[in-house]
Every structure is written in structure tokens, then in C-alpha cells.
Protein chains: 4
Amino acid sequence: MIIVMRTGATRDQIDNVIDKVHSFGLRTHPIFGVQKTVIGIVGDNKTQVVEKMRGWPGIEDIIPILQPYKFAGREAHPENTVIELDGVRIGGDEVVVMAGPCAVESEEQLMTAARRVRAAGARILRGGAFKPRTSPYSFQGLGEDALKLLAAAREETGLLVVTEVTDPRNVELVCRYADILQVGARNMGNFVLLTEVGRSGHPAMLKRGPSSTVKDFLLAAEYVIIEGNRDVILCERGITTFETYTRNTLDISAVPVIKGLSHLPVIVDPSHATGRSYLVEPLSLAAIAAGADGIIVEVHPDPDAALCDGPQALTLDGFDSMMAKLKAIAPIVGRTL
Amino acid sequence: MIIVMRTGATRDQIDNVIDKVHSFGLRTHPIFGVQKTVIGIVGDNKTQVVEKMRGWPGIEDIIPILQPYKFAGREAHPENTVIELDGVRIGGDEVVVMAGPCAVESEEQLMTAARRVRAAGARILRGGAFKPRTSPYSFQGLGEDALKLLAAAREETGLLVVTEVTDPRNVELVCRYADILQVGARNMGNFVLLTEVGRSGHPAMLKRGPSSTVKDFLLAAEYVIIEGNRDVILCERGITTFETYTRNTLDISAVPVIKGLSHLPVIVDPSHATGRSYLVEPLSLAAIAAGADGIIVEVHPDPDAALCDGPQALTLDGFDSMMAKLKAIAPIVGRTL
Amino acid sequence: MIIVMRTGATRDQIDNVIDKVHSFGLRTHPIFGVQKTVIGIVGDNKTQVVEKMRGWPGIEDIIPILQPYKFAGREAHPENTVIELDGVRIGGDEVVVMAGPCAVESEEQLMTAARRVRAAGARILRGGAFKPRTSPYSFQGLGEDALKLLAAAREETGLLVVTEVTDPRNVELVCRYADILQVGARNMGNFVLLTEVGRSGHPAMLKRGPSSTVKDFLLAAEYVIIEGNRDVILCERGITTFETYTRNTLDISAVPVIKGLSHLPVIVDPSHATGRSYLVEPLSLAAIAAGADGIIVEVHPDPDAALCDGPQALTLDGFDSMMAKLKAIAPIVGRTL
Amino acid sequence: MIIVMRTGATRDQIDNVIDKVHSFGLRTHPIFGVQKTVIGIVGDNKTQVVEKMRGWPGIEDIIPILQPYKFAGREAHPENTVIELDGVRIGGDEVVVMAGPCAVESEEQLMTAARRVRAAGARILRGGAFKPRTSPYSFQGLGEDALKLLAAAREETGLLVVTEVTDPRNVELVCRYADILQVGARNMGNFVLLTEVGRSGHPAMLKRGPSSTVKDFLLAAEYVIIEGNRDVILCERGITTFETYTRNTLDISAVPVIKGLSHLPVIVDPSHATGRSYLVEPLSLAAIAAGADGIIVEVHPDPDAALCDGPQALTLDGFDSMMAKLKAIAPIVGRTL
């Protein structure tokens, strides 16, 4: 950590700061520059302690040097984390495709989608049972009935199931039916939910909050991991910007950036990022080209009749066609599909 | 609602859309322009139904005309909502000041702050018991012990108490001690929590999510109100932008904008918006000048020793000095303090 | 265009608006809804005229239906524009790679880079002669000396030359040496410069302003085109967001979005978008996978010694390696390289 | 400056960096932490030189400690700059109000506005002669004819004149008629124009670019000042964010932030920041309450007939009413009006 003193900070202020830091059991290395004094601090990572001095007399800024996350970072865990689930390896050589409808609407809708995406090479079935929606007047999901349908689809197709949990009181319920618990973008800062998900021991897929930096995203993963659950998948799904043509702005750079900073698998959700189905294929190809470990896309047997987010769903034929291209791109970046 | 057909949409596509809309029990008014056809739709506010057609063959865009919120909007409720609590009227003529420490740390800290802010004219005591923090390694609050201290401070000073609830399972607990339930910015999209808060019947203070538009903010209030709880205070506390000098960017325009669109009281939190104590006074004055119904500010007897967000807290003397200026500004904009 | 009247607008206000619109020679189609009246307007695209009524008594909003650009849009020109220059076709089947140093520093630096990128398959040489820099204390480029070196490099290698022009008084000068005039991101709203570039008749490469929507970007292209110059290349180079890890946030979605809205060629600059060289390869692959017509990347024989933006430049070997992967990806999306 | 070495950087890499820094004539203070080594650098402010090492083997980050601007910062010039012009003192005790139409349209329009704003207490007349517009199809201003009308209005009313210059070739022309040269927000990064304005010796009003941080804004001022012209007024006029209800988001915090970092006068433009006339009064009051040295607002005798930005202009009566409130607020923050 580096403490930057203000121009004109007095010797007394500087000594005060140094004494205080020593009282925390840390060592100091003051550097007296022409205009400013900075104080390097060495010792255990007690950022929280020193942060409290921010704003003290004579202190202009406190600059952390170490990463604020311990378990999510690659420094502590240089090898890629690979999550193994019934033979599917997320974060390994294979690009993993998760696909299915935005919301589970009926057995027929779900089974039709599940069979087709399975046939085309998807390994994991997505489908919302609990749908957080901006408006209380929008369709909110079928709840446990949807979970039962998802479990039945897994039974028949062998696909794993990922679905969102929105309520800490429902974590146990969702664990009974799903293989992977999704925490949605709106809930990335819902630390109560993250903690329950961490305690469940189930693999988690954490979506990036729309105004979260990569650093905050990794800190949210840290909330899950410190409960003892290291199986966290990070999902880039677009951030909030001034551009309104797309629903959000897919931060494609976040893929290689997170792969550099963290050992956790990174996947991309182009459906929610853009809100427009014609953008899903080009952005899925881009995601894999940029090094993502997988994608999660919405597919609907009849997008025009979807109860939720129909405009962003691929048709079954569209999904097939995209998969063919993904299979061609994967080996170019050293992956399989 | 207006459906905009693509340039070159066929007559069949247009007829299809019209038939479908009729099947929803709505009337259509097609307008055939030189380049494009648009279809005006009249009938009940069935936006959700028509929205599903977005992306249909020939449809370029669907533009809603009516506001998506019913109860939070001023159209349905032209008069200002005034929330009365033990003689304090929030949203009335008086500018209401909420003040206190970021987090409750000890009886002495809380009581010292409470007595002083009461003396200076604050009507409501703030203090965090459950603290959601970006990092799991930061101080997370004293929980129920803090709630008990808050209740004791209310007992002695007569101040009302506002404090944050972060877990739907704790709503009942917090209701036992607090007068107003705060939903924090990170939880503005936590609809499970909003619903529980709405059901509690307690007045709620809802903070704007850092990437929420004013429209989304009012829809979040709608989640509380549709549970039968109309006593919602809206709190502008800064939005996420590219500017990093301040923690967030206070959207001061949101004050008159929300006052125009909604009947609910609007207050401003300059402490969290900026993260720097020297900005709290000028922005508090600005908030009242812009028409806010109140402010919520952090005050700490000893900001340098604060366990949470010390750098943004006012000193007790700083609070006194700010209150003197606020009292002078209030009458200029037709308010009292 | 659609005029939306306020809830409660009087019949007089509605009639007034209708009369005024008629006086502009336009036809009106009022639709009287339950809550609101909207007025559809048909006739020539006189948006500018009707826009002036925004804010009139009783008017809540005016919603344009037609695209604000005429020549840049695909509606007016459905086929892709292909810019042909000495056998290089930009916007055609071939993915076009522009590469070279950020700034021209010396003959040796430029020639070394030019020869190697030519050998690896680049068709166009980039290199700054006039460098706009955030700080006046940064290196500002070698000016005409750099232009001469670029022309010499073209002579030897056969590469075309693209370089930035920053001053309307220098357009003629730069035209003497360069094949394509670049307008930088900071100058996308410098309409004086856009107009001069349009008048020059030289092909132009227009970089997206960091806070420009796609719509504003196409309107900037319109400024060039209305001077009679249709040879405009659009370059996505990242937008300003809250994420600070990368210099800007590459808006990869903009590639397929612009290809849909416009007939102009679209290329991507991953070097400036990210500011970090290790991100250039993954984002270049992503750009081509997403459908870009080309990329422009910074390559430096010795990035550590670069006078400008060294941290984002590829090494010569890094460029070779990236080109090999690009060549493999191009055919998967129906292109050549 | 602080160089942060990567975790695991070798002793050789560290020594290499230290040797290189020494070769620039700077001193080093390495601090060997448990995980990382950081190297403090002391000497002349040669940021540009060391910045080039960013990305070198073993270097993770380079953190500047000193402010990048020399003349615009308060460290070099602790007292407020007061610009005196014919008895008007900008940046002094008096709050300075600049008012007038967005664009000069006719003698009658301009004179009517000028007389009324003068009577109400404005000291400076605004009015656009050259109008940069997002669309080439919008009204672009009357050019020199407008300048002549502005000069005539000054003659009659005694108001000073501020007007925008968009073309470096027109700086001399505009200087002949105007007292203060405005550089618009779109041109804040047009360093060619900033340099010409600096050379003119005329006081300049520089609008903040919509995606510029405060730091970049002060660096733009630096471009003007290093030409020998210290009379620079900084104008906050809203930044680009995701909120679309207002045209831009007024960054009210920037007022006290810039007053802290810089000695230059700071004014606020609520008209362009919001694009809606009903927001101009509350935000003007907020600006002065927050410590601004003045405001610049659009006033039009007949906003409904304005050729440019009518929806954001105050009426003459609206201006009078706002001025009365501003006069009441000024003394509360220690100013006059």
C-alpha cells in the first residue's frame, strides 16, 4: 500500500501517519520527493485497516498495491480452475455451450428446445424458473413447477441444468433440481444471496452486475468462495453504458482480462447483453475467438410466442447454424467443441 | 403503443401484425407513410402482451407511450405523497434531514452523534446495522446489537430511525426496531427483498441503483407499492459513470425530474454519492436548492476512527455549520427547516 | 414522426399542434387513446422543422421514426460500399489489415515495421504524423517529416497509407502523402474538419467518438458524405465507460449493428480500445469473428522504446502469430485474408 | 511516480528497471514487500519518460503521484484566478450570469433578449454564430452576421459577449467581435483549436467534453494556458451517462471538485446539460449553492419559435424569476449577485 501525502503536508502530519501505521504492526518506507512525500507500507495485507486513514490530516490518497481478492485471483491459484460435473468440464479444453429458453413455459417448449440443443452439441440446459424483471407487471416465472420440468429434461437428455436463484430462502429448493445455481446480474451485489449460494456447495454461475468493474466482479466471486465453494463460473453479460441500441454493451475485453486476473472459468451471454437475436451469432463467435470458456444463449422453439425476452432468442435452426461455426472456430484458439 | 414496421415490410406482414393485435382485444390505427408504416394501438395498457411481438417479421420497433409504472407515477396520483411518522412529515413543507454514522459501532459513538444531530435540527437518525460491502473482508455491521442501540437512541432523543435491511429473512427483525426500512442501492434490483419490504407495511426508503435509470427506479418503487405500501421515499445517491474522482456521480437533475414524474418524496445522499466529506456540504445545499425533500448524510463524532466510510463523514461541527446554511436556503425554495 | 401529447392535454392544444403541422405542409393522423393522444405525421422528412415544437404546450414528446441520416444508412443504399484503392478492396470479401506504429518516429522504425507487416499480409500502413494527445506535454508527432517517411514506405512496400489529420488547414498537405485520411476519435464531433475531409475527395477513416452512440457516429459520416465523398470507413475503437482496467471499452456489438444499419465498411481498432498489447490478439480475432471488414493495429519493432503508446503495440513476432489465426478464422465467416 | 512490479518479477527485471530509471536522471527507492516490489521514483516530473516503460517485462503498473497539469492546478497557483473584463470580475465575489439565445437568429430576437437579461442582472450575453450540430441537416448558425449583431448588442447594452469558435481559421474573426471565446464540448479534445485560442490572448471559456474526466478537462485548459493565456473559464455542462431522460447528466460535484483542484473560475450550463427548460431554474440554484462562480443559460423571447434548442430555453419571465432566487442564494454561500 502507498500513502500519498498532500503537497505541503507538515512533518508532524507525516510522523503521525507513520506512527499510526506502525501501531498496526506494519512497516513504513517514506520517500521524500520534491513536491510530495509518499509512504510505502509493507506487512500483512491489512488494507481494511489502513483504508480507514483515508481523509486524515495531510493524507491525499491511499493506493492499494495488492489485489483485494485472495481466492478468486490467479496469483494465489495460477492454474485454471476446471469444474467437473458428470463428465462435463467447465474451464477445460472444451468450449461449453449452455442453451435453452429464457423462461421455462411448458413441458413441450422446454423438451423441444432441450432435445435440439443437445443434438447440436450443447452440454447444459438453461431455463428460468424464477425471473427477476424490471417491471412487476412482467412474467415472473413458473417457480418450482419449472424446476421439475428442468429436472425431467435433464433425465431425458442428459444435459446438466443451470437455473437462477433469486431468494436466499430458495437456495435449498433450487439445489434439489439444478446442477448449477445462477446468480443474476441484478443480484451480483446481493451478498446475502451470494453467501447462501456459497454455503450450498453447488457450483455457481455468477453474472456480472451491469455497473460492476471486473474488480468488483471478482470480489463478488470471493463472497461465494470464502464459504468454501471454489466452483464459480463468471459470466460476462454486458454492462450499462450510454449506447441504447443494444440493451447493454457486451464487454468482450473482459474475457481475456478476467482470464488473466483469475483462474475461474469465464463464459459469455450474448443474448442478454444485446437483447436482439440477430446479434447472438456474431457475438458468440467473437466470445470464443476472444478466449471464453463457453457461452450461454437463449433458444426458443417459437421465439415469437415466448413469454419472456423472445426478441433475443435464437430459433432452433439458428442455433444449429451457429454451432457449426463455433465448432470451426474452437480449434483455431486451441479449444474443442 | 406504436409499432414501427420496417421499410419494405410487406402488406402481409402488416396485416399479420394487425390481426394479432386485434386478437389481444386492442384496436389499431395504421398510418401508411412514404417510407414506413406505423401502427398506433389503443386499448388497455397491455404493454407486456404486445412487447412479445418485438422482433416479429416486418417489425422494426415497438415504442411504448404510457408510463410503465402505475402507482409510482404522478399521472395516477397528482398530489405529493406526504409520509407522516410521529409528527415528522416527509415530502411536506419541511426539509427533512436524516443524519448519523455510516455504521453503528458503539453506544457512545451512536449517542454522541444522535444528540448532536438532534440539537442541530435533524429529525431522523441513520446508522447501519447490516452493511453490504463490496469486499467480504470489510466490516459488515453489528447486526441486531446495532438495532438495539438505534432503538435506545430513538428512545432518548425522539429521533426516528432509518436503517438498512439486506435479507428478506430479516425484514421482521428490522421492523421491530426501525421506523423506516432502507433498501440499499445494491439491492434496488433485488425484487425478493422489495416485495418483503412492501409486505411489511413499514415506510421504505429506496436507494437508486447505480446503473438504474429514473424509469427503472420508479419501477422498483412500484414493486413495493403493489404490495399495498405506498409510503416509499426515493433516495438519489449517485450513479456509475466514467468519472472516478468521486465514488459515484450525483445525478442532481434526478431531483426535479423525479418530482415531476412521481408524487413520492425525493431525498439526496451526498455522502455515498461522493465518498469525500468536503463535498457533502456543497452538495447538500445544492440538493435542497434543486427541490429535494430532504437529505441523508453521514456524521461521525470521530471520522478518522470510523469502521466504515470514515472519509465521507462530516464531523459534528461540520454538520452544525451545514445546517445553518440549509436553514437559510430552505425558505428561498419555499420550504422550512 | 409521432407527437405524443401529455395526459390531460386540452382539445385546443391538440388542435393547435395539428394546425401548426399542417402549416409545414405535412399530414396528420391523430389517435385518441384512453389516456393520451398521439399524432402521427406523414410527409417529407422534415424532422428539423417539427423538432422545434418539442416543449410546446401540451406536447410531451416527439418521436422520430425515420433514420436521421440519409446517405450513410442502408435503407438508401442496400448494397455494401466497397472502397477500391490500387487493388485493395475495403468492405469486400477480403478482410483488410492496417498495421504500423502509433507514431512515425524514424525511417528505420517505420521501414522495419512496414516490411514485416507487408510480409505478414497487411495491406495498409498506419503511422501518426500529427498526434493529438490528452496532455500537451506528450509527444505530438513529427508532422510533415513523418508524412514523407510514410510516402517513402509506400513507395518501397506497395502498402497504402492511412494517417490522421487534425487540422482543417492541413487536409491538403496530408492528401499529398496519404491514401486514406483518418479523423481521430477526439475529432469525430469536429464538423469543420469533417467537412474539409469530405471536400478533399480522399477516402476517409472516421473513428468513433468515445461518447458517441452508433447513431451519432453515422451522422458524423453523413457530414463527410454530403460533401460528395462516399468513401468513408467507420472504425470502432472503444467507448468511454466506468470500467478502468482497459483504456476504453471495445463495443464489439457495434460491428454487426453498424453493418445492419449502414452500407459503409466497418473496422476495429483493438489497440486504442484497450491500451494493453496482450489484449490485441484476442480482440482482433473477435472483431473478425463478429463480421468486421478489417482491423487496424499498432505494431512496433521495439514497443518498449516507443515514443507513443508503446504499451499497446504488438511486437513484429506477435503480429505474425496473430495473422496466422486471423487467416484461419476469416473463411469461417465467409471472408478471405 | 511509483512503479509496481508483478508478483514473481525476477531480481534481474527489477534491476533492469532501476538502471533504466537512473539513466533518465531520476532517483529510485525500491520497497521489497512480501508479495510485490514497488519502486518509488524521485526527481523532476518526467512522467512522459517513465510512462514509456509501462508494459516492460516485470512491470505491472506505473502510478503517477503528481498532477499531470502544471498551470491549471491549484498547487502551482493557490489563489483563485479572477478574470477582469470591463469591470466584470469572473471568479471573484460576484456570481456572474451569462444569458442569451442558443443561436443568434435576428436583430430583434437578440436585442429583446439582451435588454431583458441585462435588466435582470446578467453581465454577459451569450449567442451562437457558429453552431456545431450532431446532424448536418440542422441549423448551423448565421456566421459573421451573427457576430455583428452580438457586437451591436454589446454596444447598446454594455453586456460583454461570449460566443463559440469552431474553426481555427476563424479565431481572429471571432476575436474582432467577442470578449470571450467559447470552445464547445465537442471541441474540448480539438487541440489545434485550443492552441489557436490560447494564442489569441482572448479570455476563453472551455466547455467540458461529454466523456472527459475532470483531469482531462484540466489538461485541456493546460493546452490554452501554455500558449501564454491564463484567462480560462471552465464550464461544466453535463457528461454522457446511461440516463436518457436528460440530454446529459450535470456533474454538480465537479464544481467543488474543480474549485479544489484548480484556481480557474468554474461556471455551469444547465441548459445544455439537461435539454429541458423546466430543469434550468432548479439546477441553476443548485450550481450556485454548490459554489459555482456563475452560470450560462439560454433565454429566448419566444422559445417555441427558436431555430435551435428551443426546448431548453427559458422565457424572459422565467429568467427574471430565476434571477430573484439566485440573488437570495448568493449571500448564503458568501457571494454577491
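Everything quoted here is computed from the prediction, not taken from an experiment.

Engineer: Before we move on, can you summarise the overall build of chain A with the specific residues and values?
Structural biologist: On a plain count of helices and strands, chain A comes out with eleven helices and 14 strands. Burial status across chain A gives 59% buried among its 337 residues.

Engineer: I'd love a proper account of the domain arrangement of chain A, names of residues and values included.
Structural biologist: Interfaces are frequently sized by the accessible area removed from exposure as the parts join. For chain A, the assigned domains are domain 1 (2–63) and domain 2 (83–333). Relative to domain 2 of chain A, the C-alpha centre of domain 1 of chain A lies at a distance of 44 Å.

Engineer: Give a description of the interface of chain B and chain D that names residues and reports values.
Structural biologist: Contact residues are listed per partner, giving 31 residues for chain B and 31 residues for chain D. Taken together, the elements giving at least two residues each to the side of chain B that touches chain D come down to α8 (254–261), α10 (280–289) and α11 (316–329) of chain B. With five residues, the top contributor of residues to the side of chain B that touches chain D is α10(B). Class assignment of the residues belonging to the side of chain B that touches chain D gives a composition of 19 nonpolar, nine polar and three charged.

Engineer: Before we move on, could you go through the relation of the copies chain B and chain D and cite the residues and values that matter?
Structural biologist: The transformation that overlays chain B on chain D combines an axial shift of 0.0 Å with a rotation of 180°, and the residual RMSD is 0.0 Å. What the rotation and shift describe, once combined, is the action of a two-fold rotation axis. Every residue of chain B has its C-alpha some distance from the rotation axis, and the shortest such distance is that of A286(B), at 2.0 Å.

Engineer: Please set out the confidence of the model for chain A residue by residue, giving values where relevant.
Structural biologist: Residues of chain A with pLDDT of at least 70 account for 97%, and the chain-wide mean is 92. Confidence estimates for the predicted assembly give a pTM of 0.94 and an ipTM of 0.93.

Engineer: Lay out the interface of chain A and chain D with the relevant residues and their values.
Structural biologist: With 20 residues of chain A at the interface, the matching set in chain D holds 20 residues. Elements represented by at least two residues in the side of chain A that touches chain D include exactly β1 (2–5), β2 (27–32) and β3 (37–42) of chain A. With three residues, the top contributor of residues to the side of chain A that touches chain D is β3(A). Here the side of chain A that touches chain D is composed, by residue class, of ten nonpolar, eight polar and two charged.

Engineer: Quick one: what's the story with the sheet that holds strand β3 (residues 37–42) of chain C, residue by residue and with numbers?
Structural biologist: Residues and elements named next belong to chain C. An order of β2-β3-β1-β4 is seen for the four strands of this open sheet, with the pairing classed as antiparallel. Only two strands of the sheet have a single neighbouring strand rather than two, namely β2 (27–32) and β4 (59–63). Within the sheet, the average angular offset between the axes of one strand and its neighbour, ignoring direction, is 20°. Strand direction decides the pairing type here: β2 and β3, joined by six bridges, are antiparallel. In the strand pairing of β3, T28 is matched with I41. This element, helix α1 (residues 11–23), spans β1 (2–5), β2, β3 and β4 of the sheet and lies at about 160° to β2.

Engineer: How would you explain the packing of helix α3 (residues 107–120) of chain B against helix α4 (residues 144–157) of chain B if you had to name every residue and give the values?
Structural biologist: All names here are of chain B. Relative to each other, α3 and α4 sit at 35°, their axes nearing to 10 Å. As for the relative orientation of α3 and α4, their crossing is right-handed in sense. Packed against α3, whose contacting residues are E107, L110, M111, A114, R115 and R118, the element α4 presents L149, A153 and T157 at the interface.

Engineer: So, the relation of the copies chain A and chain D: which residues are in play, and what are the values?
Structural biologist: The two copies are related by a screw operation: chain A maps onto chain D through 180° of rotation and 0.0 Å of translation along the axis, at an RMSD of 0.0 Å. Taken as a fraction of all interface residues of chain A, those also at the interface in chain D reach 100%, which identifies the copy contact as same-surface.

Engineer: Which residues make up the sheet that holds strand β1 (residues 2–5) of chain D, and what values go with them?
Structural biologist: Residue and element names in this part refer to chain D. Strand order in the open sheet formed by four strands is β2-β3-β1-β4, with antiparallel pairing between adjacent strands. Every interior strand has two partners, whereas the edge strands, β2 (27–32) and β4 (59–63), have only one. Between one strand and the next, the sheet's axes are offset by a mean angle of 20°, whatever the strand orientation. Set on the sheet, helix α1 (residues 11–23) makes contact with β1, β2, β3 (37–42) and β4; between it and β2 the angle comes to about 160°.

Engineer: An account of helix α6 (residues 191–200) of chain A is requested, with residue identities and associated values reported.
Structural biologist: Residue and element names in this part refer to chain A. Within α6, seven of the ten residues are buried, leaving the element largely enclosed by the surrounding structure. For α6, the complete set of buried residues consists of F191, V192, L193, L194, E196, V197 and G198. Contact partners of the buried residues in α6: α5 (171–177), β10 (180–183), β11 (204–207) and α7 (214–225). With its phi angle positive at about 80°, G201 sits one or two positions after the end of α6.

Engineer: So what's going on with helix α8 (residues 254–261) of chain D? Residues and values would help.
Structural biologist: An α-helix turns once every 3.6 residues. As a result, residues three or four positions apart point the same way. In terms of burial, α8(D) is a largely internal element, seven of the eight residues being buried. For α8(D), the set of buried residues is A254(D), V255(D), P256(D), V257(D), I258(D), K259(D) and L261(D). In this fold, the buried residues of α8(D) make contact with α10 of chain B together with α7 (214–225), β12 (232–236), β13 (266–268) and α10 (280–289) of chain D.

Engineer: I'd like to hear about the environment of A185(A), residue by residue, with values.
Structural biologist: Residue and element names in this part refer to chain A. Structurally, A185 can be placed in the loop between β10 and α6. Along the backbone, A185 and I31 are 154 residues apart, and their C-alpha atoms lie at a distance of 43 Å. Each residue touching A185, except ones within four places of it in the same chain, is listed here: K207, R208, G209, P210 and R237.

Engineer: Before we move on, could you go through the pairing of β3(A) and cite the residues and values that matter?
Structural biologist: A regular strand carries its side chains on alternate faces of the sheet. Residues and elements named next belong to chain A. In terms of burial, β3 is a largely internal element, five of the six residues being buried. In terms of strand pairing, β1 meets β3 through three bridges, oriented antiparallel. Counterpart to I2 in the pairing with β3 is G40. Counting the residues between successive antiparallel strands, the hairpin from β2 to β3 contains four residues.

Engineer: An account of the packing of helix α10 (residues 280–289) of chain C against helix α11 (residues 316–329) of chain C is needed here, citing residue identities and associated values.
Structural biologist: Residue and element names in this part refer to chain C. Between α10 and α11, the least distance of the axes is 10 Å, while the angle of their chain directions is 25°. Here α11 runs roughly parallel to α10, going by the angle between their axes. Once α10 is placed against α11, the crossing between them reads as right-handed. Residue-level contacts link E281, S284, L285, I288 and A289 of α10 to G318, M322, K325, L326 and I329 of α11. Here the contact of α10 with α11 is composed, by residue class, of six nonpolar, two polar and two charged.

Engineer: Before we move on, can you summarise the environment of E164(B) with the specific residues and values?
Structural biologist: Residue and element names in this part refer to chain B. Residue position: E164 is located in strand β9 (residues 160–164). Take E164: there are 24 C-beta atoms within 10 Å of it, and that puts it in the buried class. In the structure, E164 is positioned 40 residues away from A204 in sequence and 9.6 Å away in space, judged by C-alpha atoms. With residues near it in sequence (within four places) discarded, E164 still touches G128, F130, Q182 and G184.

Engineer: A description of unusual backbone geometry should follow, citing residues and the corresponding values.
Structural biologist: Residues and elements named next belong to chain C. For D86, which is not glycine, the phi torsion reads 50° and is therefore positive. Mapped onto the elements, D86 comes out in the loop between β5 (83–85) and β6 (88–90). Exposure remark for D86: the 10 C-beta atoms within 10 Å place this residue in the exposed category.

Engineer: Lay out the environment of H29(D) in plain terms, naming residues and giving numbers.
Structural biologist: Mapped onto the fold, H29(D) is located in strand β2. In this structure H29(D) comes out as partly exposed when scored by C-beta crowding, with 18 C-beta atoms within 10 Å. As a C-alpha pair, H29(D) and I2(D) span 27 residues in sequence and 9.2 Å in three-dimensional space. What H29(D) contacts, discounting residues up to four positions off in sequence, is I31(A), I39(D), G40(D) and V42(D).

So, how was this worked out
- Residues numbered from 1 in each chain as written.
- Chains lettered and ligands numbered in written order.
- Predicted model: local features only at pLDDT ≥ 70, side-chain atom pairs only at ≥ 80, totals over all residues.
- Helix = DSSP H or I, 4+ residues; strand = E, 2+ residues; numbered from the N terminus.
- Buried ≥ 20, exposed ≤ 12 C-beta atoms within 10 Å, placed from the backbone.
- Domains from an automatic or database assignment.
- Contact = placed C-beta atoms within 7 Å.
- Nonpolar A, V, L, I, M, F, W, Y, C, P; charged D, E, K, R; others polar.
- Least-squares fit on C-alpha atoms with pLDDT ≥ 70 in both.
- pLDDT = per-residue confidence, 0-100.
- Pairing = 2+ DSSP bridges.
- Axes fitted to C-alpha atoms, helices over the stretch in contact; angles between N-to-C directions.
- Left-handed = near helix turned anticlockwise from the far one by under 90°.
- Parallel < 35°, antiparallel > 145°, perpendicular 65-115°, else oblique.

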